Amino acid sequence: AKNGGRNRFSFVERQMDEALRLRKVVEDDLRKAIENDELVLHYQPQVEIDNYTVVAVEALVRWPHPVHGMIAPEKFITVAEERGLIIALGEWVLRRACTDAMRWPGVRIAINVSAIQFRHRDFVSDVMRIITDCGIDPTRVELELTESVVVKDADAAEEAMIELRAHGVRLALDDFGTGYSSLIYLRRFAFDKIKIDRSFLEAAETTGESAILIHSIVHLGRALGLTVTAEGVETHEQLEFLRALGCHELQGYLFSKPVTAEEIDVILAQPGTL
Ligand code: C2E
Ligand code: CA
Ligand code: CA
Ligand code: CA
């Protein structure tokens, strides 16, 4: 048992070394990567449940690191937030996504926004400047926010949201169901859409507790006049379950993984591929 304990410890140690090493890499290299245009966006289609028409694509950032390979957003977004790089990163994502979206008329572009980025006092004017620069119709831009955006300074968040919506920008509440006070936020803040978190579908059961929760979320969203999107749809069973509930839009590996902009060009050129 003693031996096993020691092995476990060294395993944990190795994991920590790995985490610290990665953090150092991120801090040192991310600023340069943003400046040198080294990050890339992949896009994942969101389809209408009735006919699988692609109505939106969500931009998901990736970092192809020359030494460490492709780094997933979960590995560097938090560090970017801690090191004050998230503003530059977020602006880069907004500009790249809106620019790419000009190739996809009629399709909305969904962009993830970090809470720190959203709370920055210039956020609304930065977004609107980028939209104007790119020449994109603001009603095609959909910002995906999480509850963490509104928990700190609800009044400021509300003001920014009202201003964005007045410009026509759409707002989605991401990871719905994973926070604390979702119902209060839904009543107070003017979202256009809720995205049911992937963790609810992961159970993959169409009966039981997860199913009851998904059922309630879809009905709540519909009752409030919101678009309801399910993320992480992987099976036909989930698809039929969500259809029966009246969910509006779907996103997940069943239709497409996040792909390059060029692959989105191909998907949109051949309606009915998904
Ligand atoms: P999210 O916004 O909840 O995005 C959905 C995540 O689920 C993506 O992971 C996507 O690749 C993955 N996914 C989609 N469909 C399926 C499926 O059917 N099965 C499974 N197992 N997974 C699926 P990804 O790209 O690694 O992004 C992780 C998170 O990183 C995102 O979660 C988002 O919170 C954050 N993120 C990504 N891009 C950005 C960005 O540009 N800015 C900010 N602030 N955050 C970002
Ligand atoms: Ca998202
Ligand atoms: Ca999610
Ligand atoms: Ca998320």
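Residues numbered from 1 in each chain as written. Chains lettered and ligands numbered in written order. Predicted model: local features only at pLDDT ≥ 70, side-chain atom pairs only at ≥ 80, totals over all residues. Heavy atoms only, no water.

Caption draft 1: The arrangement of helix α5 (residues 123-134) in detail. Taking 1.5 Å per residue, 12 residues should reach 16 Å; α5 reaches 17 Å between its end C-alpha atoms and fits that length. Where α5 is concerned, the buried positions are F123, V124, D126, V127, M128, I130, I131 and C134. On its buried face, α5 sits against α3 (86-101), α4 (115-119), β5 (141-145) and α7 (154-166). Where α5 ends, the next residue or the one after it, G135, has phi of about 75°, a positive value. (Helix = DSSP H or I, 4+ residues; strand = E, 2+ residues; numbered from the N terminus. Expected span 1.5 Å × (residues − 1). Buried < 20%, exposed > 50% of the residue type's maximum accessible area, 1.4 Å probe, protein only. Contact = heavy atoms within 4.5 Å.)

Caption draft 2: Representation of the side chain of R140 within the structure. Mapped onto the elements of the fold, R140 is located in the loop between α5 and β5. Put simply, R140 is tucked away with no salt bridge, and the nearest opposite charge, on D137, sits 6.6 Å away. At 2.6 Å, the side chain of R140 and the backbone oxygen of A101 are in polar contact. Within polar-contact distance, the side chain of R140 engages the backbone oxygen of V107 at 3.0 Å. (Lys, Arg positive; Asp, Glu negative; His and termini not counted. Salt bridge = Lys/Arg side-chain N within 4 Å of Asp/Glu carboxyl O. Polar contact = N/O pair within 3.5 Å; in protein donor to acceptor, adjacent residues only side chain to side chain.)

Caption draft 3: Fine view of the pairing of strand β2 (residues 54-65). β2 sits mainly inside the fold: 11 of its 12 residues count as buried. Taking the residues between adjacent antiparallel strands as the criterion, strand β1 (residues 40-48) and β2 are bridged by 5 residues, where Y52 takes a positive phi near 60°. As defined by bridge partners, β2 adjoins strand β4 (residues 108-112) across 4 bridges and the pair is classed as parallel. Note that in β4 the partner of A59 across the bridge is I111. (Pairing = 2+ DSSP bridges.)

Caption draft 4: Fine view of the confidence of the model for the chain. Scored by pLDDT, the chain comes out at a mean of 91, with 94% of its residues at no less than 70. With pTM at 0.92, the complex prediction returns an ipTM value of 0.97. (pLDDT = per-residue confidence, 0-100.)

Caption draft 5: Inspection of the site of ligand 1 at higher detail. The immediate surroundings of ligand 1 are formed by 21 residues, with Q44, R62, N112, E234 and Y253 found nearest. Here an oxygen atom of ligand 1 sits 3.3 Å away from a polar atom, N or O, in the side chain of E58. About the coverage of ligand 1: the protein hides 86% of its 800 Å² of free accessible area. At the level of elements, β2, α2 (73-82) and β6 (170-176) are the ones that each hand at least two residues to the shell around ligand 1. With 4 residues, β2 is the largest single contributor of residues to the shell around ligand 1. Tallied by class, the residues present in the shell around ligand 1 amount to 8 nonpolar, 5 polar and 8 charged. (Near = heavy atom within 4 Å. Areas by Shrake-Rupley, 256 points an atom, 1.4 Å probe, with all protein chains shown as cover. Nonpolar A, V, L, I, M, F, W, Y, C, P; charged D, E, K, R; others polar.)

Caption draft 6: The pattern of salt bridges, seen in detail. Under the definition given, this model contains 23 salt bridges. Note that K32 and D29 form a salt bridge whose closest N and O atoms lie 3.8 Å from each other. A residue pair is termed a helical-turn pair when its members lie 3 or 4 positions apart in one helix, as K32 and D29 do in helix α1 (residues 2-35) at 3 residues. A residue is classified by how much of its surface remains accessible, and D29, at 22% relative accessible area, is partly exposed. Two residues, R129 and E91, come together in a salt bridge whose shortest N-O distance is 3.9 Å. Highlighted residues: R129 in helix α5 and E91 in helix α3, separated in sequence by 38 residues. Classification of R129 by relative accessible area gives partly exposed; the value is 36%. One network of salt bridges, in which partners are shared, links R96, D100, R103, E262 and D265.

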